[in-house]
Amino acid sequence: MEVQQNHNRQVMLQRVKTYWLVGVLQESLHGAEMIDLSMTYRTNAVASYATAGYQQPDNLLPDEVFDTPLPIGTQITEVYDEAEGTLLIMGEPGAGKTTILLQLVSDLLLRAQVNTTHPIPIVFSLASWSDNLPLGDWMVNELANRYEVPRRLGQLWLKNGELLPLLDGLDEVEQEHRVACAQAINQFRQRYLTLPTVVTCRIKDYEALATRLNLAQAIVLQSLSLEQIDHYLGSMGPRLAGLRAALQTDMTLRELAESPLMLSMMTLAYYRMPEQVALSLGDRKMGRTLLFDVYVERMVRYRGGEDLYEPTQTVGWLGWLAQKMSQFNRTIFFLEGLQPNWLPREQQRHFVSGLRNRLVGLFVLIGVLIGLLGLMIADWRALLAGLGVGLLTGSLLAGFRLLLVWARVSWFRIETVETLNWRWLRGLVGGGLGAAGGAVLGSLLWLAGRSWELSPAWILLLALLGFVSQFVAHAVERDETKMRTVPGQGFVRSAQNGRLVGALTGVGTAVMLGLGWLVSNLLNWSLSWQTFLLFALGATLYLGISAGLAYGGLAAWQQRQLSRVLAENQLIPEDFLPFLDYAAERNLLRKVGGGYMFVHLLLLDYFRENGSRQSP
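Scope of this entry: the structure provided in the associated data block. (Residues numbered from 1 in each chain as written. Predicted model: local features only at pLDDT ≥ 70, side-chain atom pairs only at ≥ 80, totals over all residues. Heavy atoms only, no water.)

Our focus in this paragraph is unusual backbone geometry. Notably, Arg 401 is not glycine yet its phi reads approximately 55°, a positive angle. Residue placement: Arg 401 occurs in the loop between helix H16 (380-400) and strand E8 (420-422). A positive phi angle, near 60°, is found at Gln 570, a position not held by glycine. (Helix = DSSP H or I, 4+ residues; strand = E, 2+ residues; numbered from the N terminus.)

Okay, the packing of helix H18 (residues 457-475) against helix H20 (residues 529-568) next. It is the contact of H18 with H20, at a shortest axis distance of 11 Å, that shows an interaxial angle of 10°. The angle between H18 and H20 falls in the class roughly parallel. From H18, Trp 458, Leu 461, Leu 462, Leu 465, Val 468, Ser 469, Val 472 and Ala 473 reach across to H20, where they touch Thr 531, Phe 532, Phe 535, Ala 539, Leu 543, Ala 547 and Tyr 551. Of the residues belonging to the contact of H18 with H20, the class tally is 13 nonpolar, two polar and no charged. (Axes fitted to C-alpha atoms, helices over the stretch in contact; angles between N-to-C directions. Parallel < 35°, antiparallel > 145°, perpendicular 65-115°, else oblique. Contact = heavy atoms within 4.5 Å. Nonpolar A, V, L, I, M, F, W, Y, C, P; charged D, E, K, R; others polar.)

The next point concerns the environment of Gln 187. Inspection of the secondary structure assignment puts Gln 187 in helix H6 (residues 178-191). Judged by relative accessible area, which is 53%, Gln 187 ranks as exposed. When the C-alpha positions of Gln 187 and Pro 134 are compared, they lie 8.2 Å apart, and in sequence the two are 53 residues distant. (Buried < 20%, exposed > 50% of the residue type's maximum accessible area, 1.4 Å probe, protein only.)

With that settled, the discussion passes to the layout of surface pockets. The volume enclosed by the largest pocket comes to roughly 1500 Å³. Elements with a minimum of two residues in the lining of the largest pocket: helix H15 (345-377), H16, helix H17 (424-448), H18 and H20. The dominant element in the lining of the largest pocket, judged by the number of residues it contributes, is H16, at eight residues. Taken together, the residues that form the lining of the largest pocket break down as 24 nonpolar, 14 polar and three charged. Roughly 830 Å³ of volume is contained in the second largest pocket. If you go around the second largest pocket, you meet 30 residues; those closest to its centre are Asn 145, Arg 146, Arg 330, Arg 413 and Arg 484. Put simply, the parts of the chain that give the lining of the second largest pocket at least two residues each are helix H1 (2-29), strand E4 (120-125) and helix H4 (135-147). With six residues, H4 is the single largest residue contributor to the lining of the second largest pocket. Among the residues making up the lining of the second largest pocket, the classes are represented as twelve nonpolar, eleven polar and seven charged. (1 Å grid on protein atoms, 1.4 Å probe; cavity = no way out; pocket = protein on both sides within 12 Å on 5 of 7 lines; lining within 4 Å. Points joined across faces, edges and corners; volume = space filled by probe spheres on them.)

So, about the packing of helix H8 (residues 226-235) against helix H9 (residues 241-249). At a minimum axis distance of 10 Å, the contact between H8 and H9 shows a crossing angle of 165°. The angle between H8 and H9 places the two elements in the roughly antiparallel class. Seen along the crossing, H8 lies across H9 with a hand that is left-handed. Of the residues in H9, those touching H8 at Ile 229, Asp 230, Leu 233 and Gly 234 are Leu 243, Arg 244, Leu 247 and Gln 248. The residue makeup of the contact of H8 with H9, split by class, is four nonpolar, two polar and two charged. (Left-handed = near helix turned anticlockwise from the far one by under 90°.)

A separate point is H9. For H9, every residue scored as buried is listed here: Gly 242, Leu 243, Ala 246 and Leu 247. Viewed end-on, H9 has its buried residues packed into an arc of 135°, placing them on one side of the element. (Arc of directions from axis to C-beta.)

Leu 126, Leu 170, Tyr 206, Leu 603 and Phe 607 are the most contacted members of the largest nonpolar core, which has 162 residues in total. The element best represented in this core is H20, accounting for twelve residues. Not counting the four nearest positions on each side in its chain, Leu 603 is found in contact with Met 265, Phe 292, Tyr 295, Val 296, Leu 588 and Phe 598. Counting 14 residues, the second largest nonpolar core, distinct from the first, contains Leu 461, Phe 535, Ala 539 and Leu 543. (Core = buried A, V, L, I, M, F, W, Y, C linked by side-chain atoms within 4.5 Å.)

For the rest of this paragraph, the subject is the pairing of strand E6 (residues 197-202). Buried residues dominate E6, accounting for six of its six residues. What you see with E6 is no split at all: Thr 197, Val 199 and Cys 201 on one side and Val 198, Thr 200 and Arg 202 on the other are buried throughout. In the sheet, strand E3 (residues 86-91) pairs with E6 via six bridges, with the strands oriented parallel. Residue pairing in the sheet places Leu 87 in a bridge with Val 198 of E6. Summarising the sheet, strand E5 (residues 163-168) and E6 pair through two bridges and their orientation is parallel. Following the sheet pairing, Leu 167 is matched in E6 by Val 199. (Pairing = 2+ DSSP bridges.)

Below, the structure written as structure tokens:
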């Protein structure tokens, strides 16, 4: 038991390291050295401020700000230790809140690797928090969805105090839910008093809250000084001489460079463009928007690698993506999050109705083909039977969203099936009930058709068909979604699961019915081979396709159809994932596990506003 617990712990530590330190922190540095950010204490920003050694004036009004500077070079881990693990990190947009949080993660991971009793540091993006959901329950859900941690294990870690939550982006919660989120954090702190907790937030958004967080200490990240900026640029070599000269004369540019994010973007923009172009920009005035314009243009035009997409196309597609991510409150985009409601409302209805009509048409077509085969090898009654079964299965799908393995279709939401569990005992019980129901139906059919000399073999065949249908419906269970490490992995897994379950169901149906026909012959329950062939072929196709669709195939098909519709409307390119990789290679997006995020929320805002201006 202890060996398994240690294994789970080591796997989680490695996932945090891969996901955040390698995937985000190292990529954000682009090979440059880390800048030592200046920090100040702002103790009256939190509800439980009373830190020895940092006294504030007695006559300070409640809304007044009193900052106590920390010595230059103070590490975030020192501040965390002094606050006994409960800390609020604030700063302006682009001040480096997430970066300094990940520096803390790096140090805490080392501690957790050395000391097995140290809680596991885990970054949670608060943007996905849902209103009225207790923070602990939300964290367990995030562990399951983002880190592939089974819910039972996540609940156990939380209960035993083995988690160290680092909550990034309180300002990213929707504004109308932000106070409720702050209250949920305080309630969580009351319930788990000994659990370290770190929160980041933009300073203006936090000051606008009526609720103060119940944390021990708060710090504010300060703007970069001219000396820090010059030292940083000097460490990058002579290539940035033009930028250093521009900062000496351009006050607007210098003010922008006080933000670590803006400085990083300036560095990349100047460093990637041809040298003669970079030097010519020394006297150019730049506002933040203009800087983003230059950054995006340089990343698209002058970055190394093959130019696969036109710059205007790149900006337009990323603008649409940023609009949708903002609309649905996403900071990380997963292909699996692409849903029909990302389409305009009218196109959404057309998409759903087209999808439904194609599926219903497929089921009716199978009945027609089986009927035509019956007409060739039997008589006209087989044609009518095929048409009737096709219309019945199509009607069940169109009217009740029901497949033959008792699974309902979700037209307006794509639900991936990434992991399956097989519950054999439950499947046998369900199969037994299905067999009983099939036998009853077969008996009624046989009694009603005795005047036509209907074979009693139908009792056995329908019982077997009921067994297979209900065995699949009860034995196959969707399990918790695994952490995606490759973009689009959820749909790949869904397609694989759909093919597997569909093939097993089809083969199982054919084998069971074949055995049933042999037994019927042994019992002298005569049934012609033509009739049996038509029935077995239709049942195999219907159950196999239904099971394949229900357990992953439908999600994969929906995704392909949705991507095609979006590409036809020029909202995304036909090769969407290669395009996202292209944007990540050009430092416009950042690859995080199986998803993508803009290199900063400010860049997301820039693309969103740019997309709004281009929208008709």
